[in-house]
Amino acid sequence: MRFPKLPRSIRQLSSHVLAIILGVVLTFTTLRVLPSQAEPAPKPATANTPELLAQRQSPTSAAIGSSSFVTAAVNRVGPAVVRIDTERTITRRNDPFMEDPFFRQFFGDSFQQQPSREQLRGLGSGFILDKSGLVLTNAHVVDKADRVTVRLKDGRTFDGKVQGIDEVTDLAVVKINAGNDLPVAPLGSSSNVQVGDWAIAVGNPLGFDNTVTLGIVSTLKRSSAQVGITDKRLDFIQTDAAINPGNSGGPLLNGAGEVIGINTAIRADAMGIGFAIPIDKAKAIAAQLQREGKVAHPYLGVQMVSLTPQLAKQNNTDPNSPIQIPEVNGVLVMRVVPNSPAASAGIRRGDVIVQVDGQAITTAEQLQNFVENSRLGQVLQVKVQRGNQTQQLSVRTAELQNAS
């Protein structure tokens, strides 16, 4: 079926009307769907307008800003951190050949030599405890020193007198006479320290005075036995803040600028691991050193290692093992020191200590801490497993005379 053809004028009019209708529809649709394009552009944030989230300063950027918490902490403690220089003169013996009477019979006394003297110098760090001039540092920094010189950050220098040394905890107290015009380091509490806290080391590493390094607390209560320092009785704060020779005796700070530890040890075979004596332990030792000049440490007189049933079984199944060990949890006695309290009480090599005064003992560190916290002359009831038998022994503690 075919429709009649419309006149040309009518077709043109229809096209114009259709175009007008489409334009009106598109205009209203656009205004309804995209209203935001008609709004004014956002104005920059002012004091009276909320700050955009993207413009706010993050905690990280605030921490590394020009006035960071590290700067505040160092400014608070830095003036109380000191450099300690030591001098020690040692005398070397003559060559025994030169002292031989047969040699001198032929050559006379003209070849007799005088003992040679050598002067050794050391460097360490420390910090001022109070305005009277007490300085806390490591024992190994000032041990056997003939002269101790304490240099403050402001350039003042004083002769130091060693008031007390404790080799077992590697702590020493030095006294300087400087009136009452001395900066004092604020002391914190190591019992509040947690793994992951900020750790700031201040000192004079390698002779570079007033050096600051930053890290975190890596772990707590790292025993001196685990660190490889068997002649000490300490539970260290471990940190990844750089600690180098010369840092010894300097403070380890928290983020608030309080002393939480005394930097004392580094491992030659480790990168980025250092150790500090907890400040709570140092406070107690420093007070005793100030009063008495030394600290008495009780001891039993055994060399020991932690034991588990698995380790004991591994030993017992070895055909070349010299002894059979009880397969229990406890502390294995590797050696008994002659004339020690343990020897007098009848403790033997191969015994496993499983209890002291009714308290179960499972690690060597636990036993060491138990003895350290006991009194001199205290009688401890020690339960040991000896082969298939159990023995109850009484051990009276004595004073440890030599840290080594």
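Residues numbered from 1 in each chain as written. Predicted model: local features only at pLDDT ≥ 70, side-chain atom pairs only at ≥ 80, totals over all residues. Heavy atoms only, no water.

K.L.:
Got a minute to help me understand the pattern of salt bridges in this structure?
P.N.:
Think of it this way: side chains of opposite charge can pair up when their charged atoms draw near. Using the criterion set out here, one finds 11 salt bridges in the structure. The salt bridge involving Lys144 is made with Asp143; its shortest N-O contact spans 3.2 Å. When its relative accessible area of 49% is taken as the criterion, Lys144 is described as partly exposed. We note a salt bridge from Asp351 to Arg386, for which the minimum N-O separation is 2.8 Å. (Salt bridge = Lys/Arg side-chain N within 4 Å of Asp/Glu carboxyl O. Buried < 20%, exposed > 50% of the residue type's maximum accessible area, 1.4 Å probe, protein only.)

K.L.:
I keep staring at the pairing of strand S19 (residues 389-396) and nothing clicks. Help me out?
P.N.:
Note on strand geometry: in a regular strand, side chains alternate between the two faces of the sheet. As judged from the eight bridges shared by strand S18 (residues 379-386) and S19, these two strands associate in the antiparallel manner. Its bridge partner lying in S19, Leu380 is registered against Val395. A loop of two residues connects S18 with S19, the two strands running antiparallel in sequence, and Gly387 in this loop sits at a positive phi of about 65 degrees. (Pairing = 2+ DSSP bridges. Helix = DSSP H or I, 4+ residues; strand = E, 2+ residues; numbered from the N terminus.)

K.L.:
Would you explain the sheet that holds strand S7 (residues 198-203) in this entry?
P.N.:
Two pairing modes exist for strands in a sheet, parallel and antiparallel, and in both the strands are linked by backbone hydrogen bonds. As summarised here, the arrangement of the six strands in space is S7-S8-S9-S12-S11-S10, forming a closed barrel in which the pairing is antiparallel. The sheet shows a mean angle of 45 degrees between the axes of neighbouring strands, direction not considered. Where strand S11 (residues 259-266) and strand S12 (residues 274-278) come together, five bridges link them in antiparallel fashion. Looking across to S12, one finds that Asn263 is bridged to Ala276. (Axes fitted to C-alpha atoms, helices over the stretch in contact; angles between N-to-C directions.)

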